[in-house]
Each structure stands twice: as structure tokens, then as C-alpha cells.
Amino acid sequence: MEHPPGPPTPPPVVLTRDYGRDAVRAARRRGRLAQVRRGAYVVRPDGSPPWAQREHMALAACVAAAAELRCEYAFSHETAALIHGCWLSGMDGDTHVTQRTRPSCGRGGLRRHQGRLPTGDITVVNGLPVTTLGRTVEDCARTMPPHRALAVADSALRMLARPDRRDRAGSTARLEAARAELLERLDRRGGDRGVVRARAVIGWADGFAESAGESEMRWLAVANGLPRPISQMPVLTEKGEYFTDLGWRLAATGTDERWTVAMEYDGAGKYQGGPESLYAEKIREDAIRAVVHGFQRFVAADLRSPDRAFTRMVGVFPLGVRRALRPVPGLRSVPGAD
């Protein structure tokens, strides 16, 4: 089981104004520095996975922007989600800040938002002014594509409630209390743009999810009309109790039988343990398959073709469920809007 996400430590940034142009130019010629903003550089994160390099550069851009900005502001939207340590299914490449005053044009990848910014909506994380976790979820849920916003909301609920999959009752109570606070924030927004979508995202968020991939897989299921799944569903087998990333226990049409479906998301690091890890996972999967009616695995590449992935996903459900599909409008992404 993964622990709740947490704030990453921003890397130190080299500013030309502190070191001088000649020293910075020499370091750049040796290939050690990458530019994150005009006059701001960071040591290249060589050897890290691509996603870690992107986060490293984005965090460095925050540090550089903080050294440059002179108005009252807070990092916000997906940049705030990054600083808090929320899961991000991709980033738009901009550094987002919100300020009370009317912003001038953004420069060098700095996207300025003007909006209400109460003192209670601002905190400090690793020395950076940032919107609180609740405000961050609100902003992301209103403005980001639903499949990306759901990952932010899931991870935020996970941080706020710290659920334990072996304590469903207590964890669910904490999660619902945290969800109610997030929805209450939206009540104060009235008819603002994006509130309907944000309500759908927060309403379907689930702090039991343990990765952004699981969040996106659940989005694919519920946005297209499948019933709400059980995240980290316990499955009792002859080999012991296992937890599947997503699961459904449904009544089969016309019978008293319970139809059980399990699905797994395989992240890039799942099998890094080598042959022993692969063998253990085979034993686990065989045990689960023996007691469920349908089992499917997905990887990141599958989710990049959502229509094809959903066709495979829904194929293991009873016909009655497939006939009753009712997509959720607030969770659907408009083609071309990402």
C-alpha cells in the first residue's frame, strides 16, 4: 500500500544575478545547468525518470518565479497541486499564480490568475506561498480536464483523511468529512464557471486510490457510466486476502448471484523487484482470477486510447450492466479540450 503523497522538496536554483553571467555561462557550457526562467537555472536531474525530471523542472520554475515576483500572490492551480505533492497526470508547462490585483501579461511561462484570495486560502509549503490544499482542489476541479482533476482530488483526499484500506468504516467517515468541506467551498462559489464540473469531480473522488493511474482508470469507468467501483477492493482467496485497485460486486440480472469484477493498474515501477516480484504477482493474479468473474489489467499506454480501453473494460461486465450505461456529463472531457 502506498503512503499518502506529500510535498516534494524544491531544488535550489542558480540565479544569474547572484553568480554573474560568466560563471553561469561556463556551467551551461559544461551541460550542468538547464534554464527554467530568464536568468534562472537548475542542475539537470540526469538519470531520473521523465516524469521526475518534469516535476524537478516545474518546482525549480516555482523557486525562480518566487525570486522574481514583487506583488502579493500565491502559487495556485496545478502548480499548487505539484507543490503540495498531489498526483498530476501531466502538466501544461506553465507556472500558475493567483493574485488579487489585475495581472499584467504573463512572461516566460508564468500564468497569472486574478481572483478572490482570502488570507485563509494561503499557506506556505517549503518556503513557497501557495493556495491551501482545499483551495487548490477547488481551482483544479473547476479548470482542469476531469480525468486530470480527479487525480488531484483523490490525492488531496488521501492527504486530508489518511485512509487505511483495512479500516473501511473509520476511513470512510474521515473521507466523507473531508469531501463535505470541499463541497462546502463550492457552495460559496455560487454559479461561477466550472462549479458544476467541480462538484462532479469532488463527488466521485476517492481517497482510497493509491496512484494517479488508478484515478484515471476509475475516471474512465465512471465517466462512461459504470457504477461507482470499490477502490482497493478486498478479495478473499485460497492464498489469502488481496486488494485490487478497482472492483465491483454487482447483482447478476435475474439471479441472487453476485457478479465480481476486479481491475488493476500497472505502473512502471510495479515489477522492479525482478523475477521474484513477477512470480509473486502471478500467484496473486491466479488466486484472484479463481474467485472473480472478470479481471483486467491496464497500463498507461492503454489509458491514452480511452475508447479502446473502455471497450475492453466493459466487456467483462454482465450484459445488464452494459445496457444500463449512463455517462456522467460532469466527468466527460470535451474532445480537443485538453
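Numbering of residues starts from 1 in each chain and follows the order in which that chain's sequence is written. In keeping with the model being predicted, local features are shown solely for residues with a pLDDT of at least 70 and side-chain atom pairs are shown and tallied solely at 80 or more, while totals for entire chains, interfaces and linings include all residues. Values shown for side chains rest on all heavy atoms present in the structure; no hydrogens or waters enter the calculation.

Undergrad: Quick rundown of the overall build of the protein? Include the residues and the values.
TA: The helix and strand labels rest on DSSP assignments: H or I over at least four residues marks a helix, E over at least two residues marks a strand, and numbering proceeds from the N terminus. Tallying secondary structure elements over the protein gives 13 helices and twelve strands in all. By the burial criterion, 49% of the 338 residues in the protein qualify as buried. Residues are treated as being in contact if the distance between any of their heavy atoms lies within 4.5 Å. Sequence-distant contacts in the protein: of pairs separated by 6 or more residues, those separated by 24 or more amount to 60%. Accessible surface, the protein as shown: approximately 17,000 Å² in total, 51% of it carbon and sulfur. Accessible area is worked out with a 1.4 Å probe on protein chains only. A residue is then buried under 20% of its type maximum, exposed over 50%, and partly exposed in between. Methods summary: accessible areas were calculated by the Shrake-Rupley approach with a probe of 1.4 Å, and residue burial reflects only the protein chains presented.

Undergrad: Quick rundown of the sheet that holds strand β3 (residues 40–43)? Include the residues and the values.
TA: The antiparallel open sheet is built from three strands, whose spatial order is β1-β3-β2. Two strands lie at the open edges of the sheet, namely β1 (14–15) and β2 (33–37), each paired on one side alone. Bridge analysis of β1 against β3 gives two bridges, and the strand direction is antiparallel. If you follow leucine 15 over to β3, its bridge partner there is alanine 40. Fitted lines through C-alpha atoms serve as axes, helices being fitted only where they are in contact, and the angles separating the N-to-C directions of these axes extend from 0 to 180 degrees. Relative to the sheet, helix α2 (residues 21–29) contacts β1, β2 and β3, its axis offset from that of β2 by approximately 120°. Sitting on the sheet, helix α3 (residues 50–68) is in contact with β1, β2 and β3, with an inclination near 55° to β2. At least two DSSP bridges between two strands are required for those strands to pair.

Undergrad: Hey, could you go over the pattern of salt bridges for me, with residue numbers and the actual values?
TA: Here a salt bridge means any side-chain nitrogen of Lys or Arg lying within 4 Å of a carboxyl oxygen belonging to Asp or Glu. Under the counting rule described, the total for this entry stands at 31 salt bridges. A salt bridge links arginine 185 to aspartate 121; the nearest nitrogen and oxygen atoms lie 3.0 Å apart. Taken together, the residues span a long stretch of sequence, with arginine 185 in helix α7 (residues 168–187) and aspartate 121 in the loop between β6 (110–114) and β7 (122–125) at a distance of 64 residues. Given the relative accessible area of 13%, arginine 185 is considered buried.

Undergrad: Mind laying out the layout of surface pockets, listing which residues take part and the relevant values?
TA: Gaps between atoms show up when a probe of the same size as a water molecule is rolled over them. Using a 1 Å grid laid over the protein atoms alone, points where a 1.4 Å probe fits but cannot get out form a cavity; open sets with protein on both sides within 12 Å along at least 5 of 7 lines form a pocket; any residue with an atom within 4 Å of a point counts as lining. Grid points are joined across faces, edges and corners, and a volume is the space filled by probe spheres set on the points. Of the volumes computed, that of the second largest pocket is approximately 240 Å³. Surrounding the second largest pocket, 16 residues form its lining, Ala58, Ala61, Gly93, Asp94 and Thr95 being those nearest its centre. Elements with a minimum of two residues in the lining of the second largest pocket: β2, α3 and α4 (77–84). Per-element tally for the lining of the second largest pocket: the top contributor is α3, with five residues. In terms of residue class, the lining of the second largest pocket is built from seven nonpolar, five polar and four charged. Three categories are distinguished: nonpolar for Ala, Val, Leu, Ile, Met, Phe, Trp, Tyr, Cys and Pro, charged for Asp, Glu, Lys and Arg, and polar for the others, with Gly belonging to the last.

Undergrad: Run through the nonpolar core, naming residues and quoting values.
TA: Definition of nonpolar core: a set of buried residues of the types Ala, Val, Leu, Ile, Met, Phe, Trp, Tyr and Cys, connected through side-chain atoms within 4.5 Å. Counting residues in hydrophobic clusters, the biggest one holds 65 residues, and the most contacted among them are Phe75, Leu226, Trp248, Met263, Met313 and Phe317. If one sorts the elements of this core by residue count, helix α6 (residues 146–161) sits on top with eight residues. Contacts of methionine 313, omitting those with residues within four sequence positions, involve Met217, Leu220, Ala221, Leu226, Met263 and Phe298. By size, the runner-up hydrophobic cluster in this structure holds nine residues, among which are Leu15, Ala60, Ala61 and Ala67.

Undergrad: Summarise the pairing of β2; cite the residues concerned and give the values.
TA: When you tally the buried positions in β2, you get four out of five residues, the bulk of the element. Inspection of the sheet shows β2 paired to β3 by four bridges, in the antiparallel sense. Its bridge partner being in β3, glutamine 35 is matched across the sheet by tyrosine 41. Where β2 hands over to β3, the hairpin turn is made up of two residues, of which glycine 39 adopts a positive phi near 80°.

Undergrad: Which residues make up the packing of aromatic side chains, and what values go with them?
TA: Geometry of aromatic contacts follows a simple scheme: Phe, Tyr and Trp rings, the Trp one being its six-membered ring, pair when their centres are within 6.5 Å, and the pair is stacked under 30 degrees between planes, edge-to-face over 60, tilted otherwise. One pass over the full model with this rule turns up two aromatic pairs. Pairing tyrosine 73 with phenylalanine 75 gives two aromatic rings, centres 5.4 Å apart and planes at 85°, and the pair type is edge-to-face. Note on tyrosine 73: relative accessible area 11%, which makes it buried. For phenylalanine 75, a relative accessible area of 0% corresponds to the buried category. Two conditions define a charge located above a ring, namely a distance within 6 Å from the ring centre to NZ of Lys or CZ of Arg, and an angle within 35 degrees of the ring normal. Lying across the ring of phenylalanine 208, arginine 168 places its NZ or CZ 4.2 Å from the centre.

Undergrad: For helix α9 (residues 212–223), give the residues involved together with the corresponding values.
TA: In a helix, the anticipated span is given by 1.5 Å times the number of residues less one. Over its twelve residues, α9 runs 16 Å from end to end, which matches the ideal 16 Å to within 8%, given 1.5 Å per residue. Burial runs high along α9: twelve of the twelve residues are buried. Of the residues making up α9, those classed as buried are Ala212, Gly213, Glu214, Ser215, Glu216, Met217, Arg218, Trp219, Leu220, Ala221, Val222 and Ala223. The first or second residue beyond α9 is glycine 225, which carries a positive phi of 110°.

Undergrad: Give me the lowdown on the packing of helix α5 (residues 133–143) against helix α8 (residues 195–204), citing residues and values where you can.
TA: The contact between α5 and α8 brings their axes to 7 Å, and the two run at 115°. Here α8 runs roughly perpendicular to α5, going by the angle between their axes. Regarding α5 and α8, the two cross each other, and that crossing is right-handed. Residues Val137, Ala141, Arg142 and Thr143 of α5 pack against Val195, Arg197, Ala198, Val201 and Ile202 of α8. Across the contact of α5 with α8, the residue classes break down as six nonpolar, one polar and two charged. In this scheme, roughly parallel covers angles under 35 degrees and roughly antiparallel covers those over 145, while 65 to 115 is roughly perpendicular and the rest are oblique. Rotating anticlockwise by less than a right angle from the far helix to the near helix defines a left-handed crossing, while the corresponding clockwise rotation defines a right-handed one.

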